[in-house]
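So you can see what is in the structure, the chains are spelled out below.
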Amino acid sequence: MDLRIFTEPQQGASYDTLLTVAKATEELGFDAFFRSDHYLKMGDVDGLPGPTDAWITLAGLARETKRIRLGTLMTAGTFRLPGVLAIQVAQVDQMSGGRVELGLGAGWFEEEHKAYGIPFPKEKFGRLEEQLAIVTGLWETKAGETFDFHGAYYDLTDSPALPKPAQARIPVLIGGHGATRTPKLTARYADEFNMPFASIEDSAAQFGRVRAAAEAAGRKGDDLTYSNALVACVGKDDQEVARRAAAIGREVDELKANGLAGTPAEVVDKIGRYAEVGAQRFYLQILDLSDLDHLELISAQVQTQLS
């Protein structure tokens, strides 16, 4: 069972803070460090010192870490042209020695687009499909050959399809709650399907849809990795759980209902119930990045039980 640390830097984090958390992620034996890709805070936080760019951050971390996987949940397709994104991700993969994974989504947060002058097109899912075709197509094109793509939204002619990643194939993650188009897109392009912030029951249903779509596309359902992203709030006792919940402005009962919250034993039990419906990997959303003791507790008393 892989446990990965997932951060939301738009809520308030400098690069130095993210570096500290990434190094702790590596030292404490977690599988990966992932981050969101947003440029505007959400909710009642100040967001200071301001946003950091996902792929610039990961480029820095690629040179400062040695083992952990690095990636995004999810890079917004509205932020980058697909050819540019393919270059950026391939370069960071080279910089990391082949440890990068790309989560790619359509983009949804209209306010951040308005705040930074980023176009927010009405038709995003069709663009995402073309972006996935282009990014993976550029990486898969053999050296010395060229890549062409002529779609409704993007047009590439005689691309040298360079640079190449260090990995033979950079893992691609697709996620979401959509019942029809998302499973089909996952079956065509993804190595992993991620179900974000969902109940056990909803996860089971969506995992089933993705498996069915994979089989309909001629793949085995087990070709994909199935994962969940859930907020984490773990404490050695009820008092510590309550303190950590208060620090992130959440209620304990709500966190227990919708995330991985409680004592280590409670969290291990809930992870087990997600595993029973097919979850193989968990992205632990850590909202208080100053609380490294939280990571140490999860490593020592949750991760050890799962391994």
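Thoughts on the packing of aromatic side chains
Now for step 1: As enumerated under the stated definition, the model contains 7 aromatic pairs in all.
Now for step 2: Seen in terms of ring centroids, tyrosine 274 and phenylalanine 282 are 5.9 Å apart; in terms of plane orientation they differ by 85°. Their pairing is edge-to-face.
Now for step 3: Taken together through their ring pairs, the aromatic side chains of Tyr39, Phe79 and Tyr116 make up a single cluster.

Some remarks on helix H2 (residues 54–64)
Within an α-helix, residues lying three or four positions from one another point in the same direction, as the helix has 3.6 residues per turn.
Now for step 1: What H2 keeps buried is the set Ala54, Trp55, Thr57, Leu58, Ala59, Leu61 and Ala62.
Now for step 2: N-capping of H2 is provided by aspartate 53, with a side-chain oxygen placed 3.1 Å from the backbone N of tryptophan 55.

Some remarks on the pattern of salt bridges
Now for step 1: By the definition in use, this model includes 20 salt bridges.
Now for step 2: For arginine 188, the salt bridge is made with glutamate 129, and the minimal N-O distance between the two is 3.6 Å. Taken together, the residues span a long stretch of sequence, with arginine 188 in helix H6 (residues 181–189) and glutamate 129 in helix H5 (residues 125–140) at a distance of 59 residues.
Now for step 3: Between glutamate 140 and arginine 169 there is a salt bridge whose closest N-O contact spans 3.2 Å. Here glutamate 140 is found in helix H5, whereas its partner arginine 169 is found in the loop between strand E7 (155–159) and strand E8 (172–175), with 29 residues between them in sequence.
Now for step 4: For glutamate 140, a relative accessible area of 54% puts it in the exposed group.
Now for step 5: When salt bridges with common partners are traced through the structure, they connect Lys236, Glu240, Arg243, Arg244 and Asp291 into a single cluster.

Brief notes about the layout of surface pockets
To find leftover empty space, a probe the size of one water molecule is rolled over the atoms.
Now for step 1: Roughly 1,100 Å³ of internal volume is contained in the largest pocket.
Now for step 2: In terms of lining, the largest pocket is formed by 48 residues, of which the most central are Phe6, Glu8, His38, Trp108 and Phe197.
Now for step 3: Estimates place the volume of the second largest pocket at around 160 Å³.
Now for step 4: Lining the second largest pocket we find 13 residues, and of these Gly77, Thr78, Pro121, Arg127 and Tyr154 sit closest to its centre.

Reading the values: the criteria
- Residues numbered from 1 in each chain as written.
- Predicted model: local features only at pLDDT ≥ 70, side-chain atom pairs only at ≥ 80, totals over all residues.
- Heavy atoms only, no water.
- Phe/Tyr/Trp six-rings, centres within 6.5 Å; stacked < 30°, edge-to-face > 60°.
- Buried < 20%, exposed > 50% of the residue type's maximum accessible area, 1.4 Å probe, protein only.
- Helix = DSSP H or I, 4+ residues; strand = E, 2+ residues; numbered from the N terminus.
- Polar contact = N/O pair within 3.5 Å; in protein donor to acceptor, adjacent residues only side chain to side chain.
- Salt bridge = Lys/Arg side-chain N within 4 Å of Asp/Glu carboxyl O.
- 1 Å grid on protein atoms, 1.4 Å probe; cavity = no way out; pocket = protein on both sides within 12 Å on 5 of 7 lines; lining within 4 Å.
- Points joined across faces, edges and corners; volume = space filled by probe spheres on them.

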